[in-house]
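# Coordinate analysis (summary)
The lines below spell out each chain.
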Amino acid sequence: MRVLGIETSCDETAAAVVMSDGRVLSDVVKSQIALHAPYGGVVPELASRDHARAIVPVVQEALARAGVTIAELDGIAVTSRPGLSGALLVGLQAAKGIAWAAHKPLIGVDHLVGHLLAVFLRRADEIAPSYPFIGLLVSGGHTALYRVDGPALPQIRELGATRDDAAGEAFDKVGKLLGLAYPGGPRVDRLAAEGDASRARDAVPAAMARRDSLEFSFSGIKTSVARHVGKRGAPLGEQEVKDICAAFQGAVVDALVKKTVRAAELEAVPRVVVAGGVAANRGLRAKMSEACAKRGIALSIPPFASCTDNAAMIAYAGALRLARGEVDGLDLAPSTKTALLRVTRKGGGPRASP
Ligand code: KG4
Ligand code: ZN
């Protein structure tokens, strides 16, 4: 089966054609980072308008690169939740238009399910994990641990989530505090490699919610960095910024790794998958590999293109729904909330205000 996937939940306009066995035939992502950078975060109305401009050429390019016509598709999958309402609507309307005109099934996909299943995409010769696994989803909008027994919604159970900021959101906010360009995550990652965490210890406490729980909390450490920067007054020196990046990243990574290992042990599931944009973080990849190797836990982290927002993961999750006979009607509506059980993130909505 061949499925077209469409993703417009936040600040990437993306389309991809994927086979139901995970083979990626094409994967087109148009990022809006340059559009939102001057505002230091995603501006929802600008996002919707740019999706509207980009969606047709992006879909056409995905079909052309895959060498597939609309008539040859078996279904149209689209992110229907969670995300910015106006942004989601653009992808939904495009998908509905194609599905209606070409008489193809329409399949709505939860963006978080897409992230968790991205590890099954086959771009080269990746080895996919088997079920069940513990999924650590770390993105700009969400941070949670899941027990994943299979690809369907009822088979995915949230074990714990952040009580405040998402990990990527914390990276971006700290980047902003340190005067780095948006999005801060990749920049903090780069600078952390040249910093000495021990020199910034008092600026950054541990990022640990109660030791025995599987919940996260990142707003306290972000506030400490803000307080430190405020107290310091004068502009921070180059090395100081690097040291704070190293200490902050170290604290976030430490919490993510400890809770993930704890989840694997509590659930007696010795397989871990890391998904979402923050899975690109070099510190997290290194520490998680080390911790899992020490305990005999098998670790899978998808390649970078599968970690950050993309439509291939949406097409794949949609293909599996289609294979199970699950399709949606043209009344499919967007939602700002995930359909996965028990999400404790405070507030929801956009991940950064202009
Ligand atoms: O999954 P994603 O592309 O979009 C959401 O669904 O949110 O994740 C984007 C997030 C941003 O917050 C970005 O700063 C963060 O992932 N990110 C990183 C790195 N690369 C991207 N955070 C830390 N280190 C990185 N290398
Ligand atoms: Zn995402």
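Further up the page is the structure itself.
Residues numbered from 1 in each chain as written. Chains lettered and ligands numbered in written order. Predicted model: local features only at pLDDT ≥ 70, side-chain atom pairs only at ≥ 80, totals over all residues. Heavy atoms only, no water.

Another point: the environment of Ser139. Its location among the elements puts Ser139 in the loop between strand S6 (133-138) and strand S7 (143-148). Ser139 sits in the buried class, given a relative accessible area of 10%. The spatial distance from the C-alpha of Ser139 to the C-alpha of Cys307 is 8.8 Å, given a sequence separation of 168 residues. Ignoring any residue separated from it by four or fewer positions in sequence, one finds Ser139 in contact with Ala166, Ala167, Gly168, Glu169, Gly276, Gly277 and Val278. (Helix = DSSP H or I, 4+ residues; strand = E, 2+ residues; numbered from the N terminus. Buried < 20%, exposed > 50% of the residue type's maximum accessible area, 1.4 Å probe, protein only. Contact = heavy atoms within 4.5 Å.)

On to the sheet that holds S6. Within the open sheet, the 5 strands sit side by side as S8-S7-S6-S9-S10. Their pairing is mixed. Single-partner strands in this sheet number two, and they are strand S8 (156-161) and strand S10 (298-300). Neighbour-to-neighbour, the strand axes of the sheet open up by a mean angle of 25°, direction not taken into account. Examined bridge by bridge, S6 and S7 share 6 bridges and lie antiparallel to one another. Within the sheet, the bridge partner assigned to Gly135 lies in S7 and is Tyr146. (Pairing = 2+ DSSP bridges. Axes fitted to C-alpha atoms, helices over the stretch in contact; angles between N-to-C directions.)

Turning to the sheet that holds strand S3 (residues 24-31), a few remarks are in order. Strand-to-strand pairing in sheets goes through backbone hydrogen bonds, with the strands running parallel or antiparallel. If you trace the 5 strands from one edge of the open sheet to the other, you get S3-S2-S1-S4-S5, paired in mixed fashion. Only two strands of the sheet have a single partner each, and these edge strands are S3 and strand S5 (106-110). Sheet twist, expressed as the mean angle between neighbouring strand axes with direction ignored, is 20°. Here strand S2 (residues 12-19) pairs with S3 via 7 bridges, running antiparallel. Along S3, the bridge assignment pairs Val17 with Ser26. Docked against the sheet, helix H2 (residues 44-66) engages strand S1 (2-7), S2 and S3, running at close to 25° with respect to S2.

Under the definition given, this model contains 6 aromatic pairs. Between the aromatic rings of Phe120 and Phe133, the centroid separation amounts to 6.2 Å while the plane-to-plane angle is 50°, which identifies the pairing as tilted. One end of the pair, Phe120, is in the loop between helix H4 (111-117) and S6; the other, Phe133, is in strand S6, and 13 residues separate them in sequence. By relative accessible area, Phe133 is classed as buried at 0%. Aromatic pair Phe171 and Phe248: ring centres 5.1 Å apart, planes at 80°, arrangement edge-to-face. Of this pair, Phe171 sits in helix H5 (residues 167-177) while Phe248 sits in helix H8 (residues 238-267), and the two are 77 residues apart along the sequence. For Phe171, a relative accessible area of 3% translates into the label buried. (Phe/Tyr/Trp six-rings, centres within 6.5 Å; stacked < 30°, edge-to-face > 60°.)

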